[in-house]
Amino acid sequence: MAIELTKEVLENLAAKAIEARDSAYCPYSGFAVGAALLDINGNVWTGGNIENAAYGPTNCAERTAFFKAVSEGVRDFLAIAVAGGKAGEAPASFCAPCGVCRQVMREFCMDDFKVILAKPGEMDVYTLSEILPVSFSPRDLA
Ligand code: THU
């Protein structure tokens, strides 16, 4: 049965993204990000950012969530929620996905994939095509 993206479902995903910040490994930036990715079967894949002393190998929370799911054979997604801010504090403002993460979303998601920016008690909802218009996608190589 298809999952309906009700306000309650989106709010639940937003709460899971805020919670997932606890898994962030961010000793260099002190900026903890959490992501919660909803697949078409209703499973939620969470992730935190994983930093590295060499800086470049750092993985964003969104990609952690995507790579966990894809490496388990899941490739169909409905929505992702993201929350970020100073580690140890509640997020004070919205944290939008970086360009690299948007491109990873593009690889696996449709134009209407929902991107939820979350902070306690508040969320902003966008579609992938809104945050990554005129993009390069697998269709370009077909
Ligand atoms: N970061 C994310 O995890 N997701 C984003 O969308 C933006 C940035 C992380 C990367 C790095 O560990 C820290 O936030 C500061 O850039």
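For the structure, see preceding data.
From a predicted model like this one, the values you see are computed outputs, not experimental measurements.

**Student:** Before we go on, may I ask you to explain the site of the ligand in this structure?
**Tutor:** In the vicinity of the ligand, the residues found are Ser29, Phe31, Val33, Asn49, Glu51, Thr58, Cys60, Ala61, Glu62, Ala96, Pro97 and Cys98. Between the ligand and asparagine 49, the relevant distance is 2.9 Å, taken from an oxygen atom to a side-chain nitrogen or oxygen of the residue. Alanine 61 places a main-chain nitrogen or oxygen 2.9 Å from an oxygen atom of the ligand. Contributions of two or more residues to the shell around the ligand are made by β1 (31–39) and α2 (61–70). A breakdown of the residues in the shell around the ligand according to their chemical character gives 7 nonpolar, 3 polar and 2 charged.

**Student:** Mind showing me how you'd approach the packing of aromatic side chains here?
**Tutor:** The description of an aromatic ring pair rests on the distance of the ring centres and on the angle between the ring planes. All told, the structure shown has 4 aromatic pairs when counted by the stated rule. Between tyrosine 28 and tyrosine 55, the aromatic rings sit 5.9 Å apart at their centres with planes inclined by 45°, giving tilted as the arrangement. Taken together, the residues tyrosine 28 in the loop between α1 (7–20) and β1 and tyrosine 55 in the loop between β2 (44–48) and α2 connect sequence positions 27 residues apart. Given a relative accessible area of 41%, tyrosine 28 falls into the partly exposed group. Overall, the relative accessible area of 57% leaves tyrosine 55 in the exposed class. Members of the aromatic cluster, joined through ring pairs, are Phe66, Phe77, Phe108 and Phe113.

**Student:** Is there a simple way to think about the nonpolar core in this case?
**Tutor:** Generally speaking, nonpolar side chains in soluble globular proteins are found buried as a group. By size, the foremost hydrophobic cluster in this structure holds 22 residues, and its most contacted members are Leu37, Phe66, Phe77, Ile80 and Phe113. Looking at this core, the elements that each hand over two or more residues are β1, α2, β3 (77–86), α3 (99–108), β4 (114–119) and α4 (128–131). In terms of residues, this core owes the most to one element, α2, which gives 4 residues. Leave out the neighbours within four places in its chain, and isoleucine 80 touches Leu13, Ala35, Ala36, Leu37, Glu62, Phe66, Met105, Phe113, Lys114, Val115 and Ile116.

**Student:** What is the right way to read α2 from this model?
**Tutor:** Counting along an α-helix, one turn takes 3.6 residues, and residues three or four places apart therefore face a common direction. Extensive coverage of α2 is indicated by the burial of 7 of its 10 residues. Along α2, the residues that are buried comprise Ala61, Glu62, Arg63, Thr64, Ala65, Phe66 and Ala69. On its buried side, α2 packs onto β1, β2, β3 and α3.

**Student:** Just to check I follow, could you spell out α1 for this structure?
**Tutor:** Between its first and last C-alpha, α1 extends 20 Å over 14 residues, near the 20 Å set by a 1.5 Å rise per residue. Of all the positions in α1, only Leu10, Leu13, Ala14, Ala17 and Ala20 are classed as buried. Buried residues along α1 cover an arc of 120° about the axis, so they all sit on one side. For α1, the exposed residues set more than 90 degrees away from the buried face come down to Lys7, Glu8 and Glu19.

**Student:** Explain the pattern of salt bridges here, please?
**Tutor:** Opposite charge on two side chains makes pairing possible when the charged atoms of those side chains draw close. According to the stated counting rule, one finds 3 salt bridges in the structure shown. A salt bridge links lysine 7 to glutamate 11, with the shortest nitrogen-to-oxygen separation between them at 3.0 Å. Remark: glutamate 11 and lysine 7 occur in helix α1; sequence separation between them is 4 residues, near one turn of the helix. On the basis of relative accessible area, glutamate 11 is assigned to the partly exposed category, the value being 38%.

Thresholds applied
- Residues numbered from 1 in each chain as written.
- Predicted model: local features only at pLDDT ≥ 70, side-chain atom pairs only at ≥ 80, totals over all residues.
- Heavy atoms only, no water.
- Near = heavy atom within 4 Å.
- Polar contact = N/O pair within 3.5 Å; in protein donor to acceptor, adjacent residues only side chain to side chain.
- Helix = DSSP H or I, 4+ residues; strand = E, 2+ residues; numbered from the N terminus.
- Nonpolar A, V, L, I, M, F, W, Y, C, P; charged D, E, K, R; others polar.
- Phe/Tyr/Trp six-rings, centres within 6.5 Å; stacked < 30°, edge-to-face > 60°.
- Buried < 20%, exposed > 50% of the residue type's maximum accessible area, 1.4 Å probe, protein only.
- Core = buried A, V, L, I, M, F, W, Y, C linked by side-chain atoms within 4.5 Å.
- Contact = heavy atoms within 4.5 Å.
- Expected span 1.5 Å × (residues − 1).
- Arc of directions from axis to C-beta.
- Salt bridge = Lys/Arg side-chain N within 4 Å of Asp/Glu carboxyl O.

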